[in-house]
Amino acid sequence: MESKKKRGISRSWIAVILIIALLAVYQIPLPYYYSQPGEAVALADMIEVTEGYGEEGQFYLTTVRQRRANLPCICGHK
């Protein structure tokens with residue numbers, strides 16, 4: 001009985017240490033950045049032109065998200 005308790009406790013400690021190690025690796029910053037596409041918003045909702053030319057089409061404001069890379073981010077992308 002006691003060996004099962006010791007085994008259960010040691011497995012619990014291994015799981016805790018593994019989780020702490022994974023969180024620590026995730027926090028290590030690298031000198032790289034990565035970009036992700038953002039959303040595209042129609043400018044017609046934000047801008048109104050008076051006395052302009054009657055052209056057809058739409059303009060969109062696009063965004064790009066840039067973040068600092070870390071080890072899981074680099075390893076997950078190919």
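This text goes with the structure placed above it.
Residues numbered from 1 in each chain as written. Predicted model: local features only at pLDDT ≥ 70, side-chain atom pairs only at ≥ 80, totals over all residues. Heavy atoms only, no water.

A. Quick look at the overall build of the protein. When you go through the protein residue by residue, the secondary structure sums to 2 helices and 2 strands. Along the protein, helices (α) and strands (β) appear in the sequence α-β-β-α when read from the amino end. Across the 78 residues in the protein, those meeting the buried criterion constitute 6%. Considering only residue pairs separated by 6 or more positions, the protein has 73% of its internal contacts joining residues 24 or more positions apart. If you sum the accessible surface of the protein, you get close to 7800 Å²; carbon and sulfur atoms cover 60% of it. (Helix = DSSP H or I, 4+ residues; strand = E, 2+ residues; numbered from the N terminus. Buried < 20%, exposed > 50% of the residue type's maximum accessible area, 1.4 Å probe, protein only. Contact = heavy atoms within 4.5 Å. Areas by Shrake-Rupley, 256 points an atom, 1.4 Å probe, with all protein chains shown as cover.)

B. Quick peek at a nonpolar patch on the surface. On the surface, Ile9, Trp13, Val16, Ile17 and Ile20 cluster together into a nonpolar patch covering about 530 Å² of accessible area. Counting through the fold element by element, Ile20 comes out in helix H1 (residues 2-26). (Patch = residues over 30% accessible without salt bridge, like charges linked within 9 Å, V, L, I, M, F, W, Y side chains within 5 Å. Salt bridge = Lys/Arg side-chain N within 4 Å of Asp/Glu carboxyl O.)

C. Main features of the environment of Val25. Mapped onto the elements, Val25 comes out in helix H1. Note on Val25: relative accessible area 34%, which makes it partly exposed. Distance from Val25 to Leu71, taken between C-alpha atoms, is 6.8 Å for residues 46 residues apart in sequence.

D. Quick peek at the environment of Asn70. Looking at where Asn70 falls in the secondary structure, it is placed in strand S2 (residues 60-70). Residue class for Asn70 comes out buried when judged on its relative accessible area of 12%. When the C-alpha positions of Asn70 and Tyr34 are compared, they lie 9.7 Å apart, and in sequence the two are 36 residues distant. Among residues more than four places away in sequence, those in contact with Asn70 are Tyr26, Ile28 and Leu30.

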